[in-house]
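In case you want the letters, here they are:
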Amino acid sequence: MTTPRILPSIDRLRQRPLVRALEAEYGGEAALEALRKAADRVRGELGGADATSIRDREEAAAAIERHAATALAARLEPSLTTVINATGVVVHTNLGRAPLAAAAAARVAALAAGYTNLEYDLAGGGRGARHTHAARLLTQVTGAPAAVVVNNNAAAVLLVLAALANGREAVVSRGELVEIGGGFRIPDILRQSGAELREVGTTNRTRIADYAAAVNDRTALILRVHPSNFRIEGFTARPGLEELVALGRRSGVPVVEDLGSGQLTEVPTGGVDEPSVAASVRAGAAVCCFSGDKLLGGPQAGIIVGEEEPLARVRRHPLMRALRVDKMTYAALEATLAEHARGRARAAVPVVRMLAARADEIDARARALADRLAGHAVFEADVVDGVSTVGGGGAPGSALPTKLVRLAPRTHSASRLEKRLRGLRPPVIARIEQDRVLLDLRTVPTEQDEPLATILLGLV
Ligand SMILES: *Cc1c(COP(=O)(O)O)cnc(C)c1O
């Protein structure tokens, strides 16, 4: 029978080459603590009722070493990790929204580790302005004369309201006092900005006359919010942007539009037909805000485009300093915008490519995967019709026809299988319908088809 007497002392353990290596890699103190905990664990195993394979001092030392090495590695394990998005939700907020274009990721890698001219004027040899980056490309792709980038679209809306409407009134339709998700509520943002909310109309119908009656000498702006995550149907009315702009011009009040998803041009992306930034600029909105990581397919960012004068006030506002972005955001955004400007977004920007993917293309990949999985011990796989969604507060109600790989577990429940898929490396995120696990390859990059098949085949 084994006894705790075969446990080596900590001093002895510290003479072993692997322990020395652990000390060198993780620091002496962390290694010591891990050794003590590992020794306690092995002591427990030796003294416990369960059978143990540890028979002598060498085996005990090796077990302690192994436990300590695992624990030390786990301490430094990053929590943020790659997952395979097989949900079919393209702009999936919980999964980090837009995967970056290859050119954008490469640009981040190229700039991140070194110094840059982030706030340095290379021509003049002195301090430059951060906000010049991405601005030229943004004005090019949207047609607006000026642009500013902040941390996300919630920040963009907050900053615009703070800079343009603090202490004065912002006129908003009751049909647009929306919550976007993650606690972004238009009335709350207005309050935080110091603007006073002037509600007009009703939930389902607001007419231009309602706006006209509300505009007075305390009105700073008319705010129009795109209902990104819901649709009101039936007996509804909402003035066109042109009508609002015409009213604003008569009364000397700018129209600010929160577009949300950031579809750049009118060309619908796949089956998605969101209002475009270019159309709003052309219709005369003084300022438009949208996200960088929804339909634009770039990094998390809030983009503000519009006329020079209001944007100059936005840049000068003290909150600008708190909401500004770093070099990695500019690097990724400039590279993404360049793909749009070249007309290459459909080929090069993953969000756009995924939205544009046709069901027959997805069908061929789904069949290939189902064939690879034929005869799997854990589940039966076949291909069925389904729908993908845009997600992330973009294009409510748009449903993109797709083909799904359907996994029917042979013994356990679908929820147990779905959980096991989440436990794979990399985790596979799927959805469940009618006690079946569904995989939608629309949101899986083609180059992940093979690794996905391999890890699914490894499931036993
Ligand atoms: C998504 C969205 C926001 C919030 O944008 P974030 O980039 O997530 O901060 C604000 N307004 C609208 C209309 C949206 O769709």
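Residues numbered from 1 in each chain as written. Predicted model: local features only at pLDDT ≥ 70, side-chain atom pairs only at ≥ 80, totals over all residues. Heavy atoms only, no water.

Caption draft 1: Geometry of the overall build of the protein. Within the protein one finds 19 helices and 15 strands. By principal-axis analysis of the C-alpha atoms, the protein measures approximately 95 × 55 × 40 Å. Residue burial in the protein is summarised as follows: out of 460 residues, 48% are buried. Computed over 58 positive and 52 negative side-chain charges, the inter-centroid distance for the protein is 2 Å. (Helix = DSSP H or I, 4+ residues; strand = E, 2+ residues; numbered from the N terminus. Buried < 20%, exposed > 50% of the residue type's maximum accessible area, 1.4 Å probe, protein only. Lys, Arg positive; Asp, Glu negative; His and termini not counted. Charge placed at Lys NZ, Arg CZ, Asp CG, Glu CD.)

Caption draft 2: Inspection of the packing of aromatic side chains at higher detail. What the rule picks out here adds up to zero aromatic pairs. The side chain of R205 reaches across the aromatic face of F235, ending 3.8 Å from its centre. (Phe/Tyr/Trp six-rings, centres within 6.5 Å; stacked < 30°, edge-to-face > 60°. Lys NZ or Arg CZ within 6 Å of the ring centre and 35° of its normal.)

Caption draft 3: Inspection of the pattern of salt bridges at higher detail. Counting across every chain of the model gives 33 salt bridges. Between R218 and E196 there is a salt bridge, with the nearest N and O atoms lying 3.4 Å from each other. Separated by 22 residues along the polypeptide, R218 in the loop between α9 (208–214) and β7 (219–225) and E196 in strand β6 (residues 196–200) bring together distant segments of the chain. Taking the relative accessible area as the measure of exposure, R218 reaches 33% and is therefore partly exposed. Among the salt bridges present, the one from E450 reaches R372, with a minimum N-O distance of 2.9 Å. Here E450, found in helix α19 (residues 449–457), pairs with R372, found in helix α17 (residues 359–372); they are 78 residues apart in sequence, far enough to count as distant. (Salt bridge = Lys/Arg side-chain N within 4 Å of Asp/Glu carboxyl O.)

Caption draft 4: Fine view of the sheet that holds strand β11 (residues 379–389). Pairing is antiparallel in the open sheet, where four strands are placed in the order β11-β12-β15-β14. In this open sheet, the two strands that pair with only one neighbour each are β11 and β14 (431–433). Between one strand axis and the next, the sheet turns by 40 degrees as a mean value, whatever way the strands run. Of the strand pairs in this sheet, β14 and strand β15 (residues 436–440) are connected by three bridges, and their pairing is antiparallel. Looking at the pairing, R431 lines up with L438 of β15. The sheet strands contacting α17 are β11, β12 (399–409) and β15, and the helix crosses β12 at an angle near 10 degrees. Each of β11, β12, β14 and β15 touches helix α18 (residues 414–422); the most contacted strand, β15, lies at about 40 degrees to it. (Pairing = 2+ DSSP bridges. Axes fitted to C-alpha atoms, helices over the stretch in contact; angles between N-to-C directions. Contact = heavy atoms within 4.5 Å.)

Caption draft 5: Representation of the domain arrangement of the protein in the model. Assigned domains of the protein: these are domain 1 (3–76), domain 2 (84–90 + 355–457) and domain 3 (102–346). Taken over C-alpha atoms, the centre of domain 1 sits 42 Å from the centre of domain 2. (Domains from an automatic or database assignment.)

Caption draft 6: Just the site of the ligand, in detail. In the vicinity of the ligand lie 13 residues, with R97, S228, D258, S291 and K294 positioned nearest. In the model, an oxygen atom of the ligand is placed 2.7 Å from a nitrogen or oxygen of the R97 side chain. The separation between an oxygen atom of the ligand and a polar main-chain atom of A154 is 2.8 Å. Protein coverage of the free-state accessible area of the ligand, which is 380 Å², stands at 94%. Every element with two or more residues in the shell around the ligand is listed here: α7 (153–165) and β8 (255–260). A class-by-class count of the residues in the shell around the ligand yields three nonpolar, seven polar and three charged. (Near = heavy atom within 4 Å. Polar contact = N/O pair within 3.5 Å; in protein donor to acceptor, adjacent residues only side chain to side chain. Areas by Shrake-Rupley, 256 points an atom, 1.4 Å probe, with all protein chains shown as cover. Nonpolar A, V, L, I, M, F, W, Y, C, P; charged D, E, K, R; others polar.)

Caption draft 7: The packing of helix α3 (residues 28–47) against helix α4 (residues 57–75), seen in detail. In contact at an axis separation of 8 Å, α3 and α4 are set at 130 degrees when each is read in the N-to-C sense. When the axes of α3 and α4 are compared, the pair comes out oblique. Considering only the axes of α3 and α4, their crossing is right-handed. Every residue of α4 that contacts α3 at A30, A31, A34, L35, A38, A39, R41, V42 and E45 is listed here: A60, A63, I64, H67, A68, L72 and R75. (Parallel < 35°, antiparallel > 145°, perpendicular 65-115°, else oblique. Left-handed = near helix turned anticlockwise from the far one by under 90°.)

Caption draft 8: Inspection of the nonpolar core at higher detail. If you look at the biggest cluster of nonpolar residues, it comprises 36 residues, and the most contacted ones within it are V149, I222, F290, V305 and L337. Not counting the four nearest positions on each side in its chain, L337 is found in contact with A134, L137, L138, V141, L264 and L296. With 34 residues, the next largest nonpolar core counts V172, I186, L311 and V314 among its residues. (Core = buried A, V, L, I, M, F, W, Y, C linked by side-chain atoms within 4.5 Å.)

Caption draft 9: How the structure looks around the environment of V141. Note on placement: V141 falls in helix α6 (residues 135–142). Sequence separation between V141 and A338 is 197 residues, and the spatial gap between their C-alpha atoms is 8.9 Å.

Caption draft 10: Spotlight on the state of the cysteines. With the rule as written, the count across this model stands at zero disulfides. Unpaired in this structure, C288 has its nearest cysteine sulfur neighbour in C289, at a distance of 7.5 Å. (Disulfide = S-S within 2.5 Å.)

Caption draft 11: Local environment of the packing of α7 against helix α12 (residues 308–316). One way to put it is that α7 packs onto α12 with a least axis distance of 9 Å and a crossing angle of 105 degrees. As summarised for this structure, α7 and α12 are arranged roughly perpendicular, according to the angle between their axes. Contacts from L159, V160, A163 and L164 of α7 reach α12 at P310, R313 and V314. Taken together, the residues of the contact of α7 with α12 sort by class into six nonpolar, no polar and one charged.

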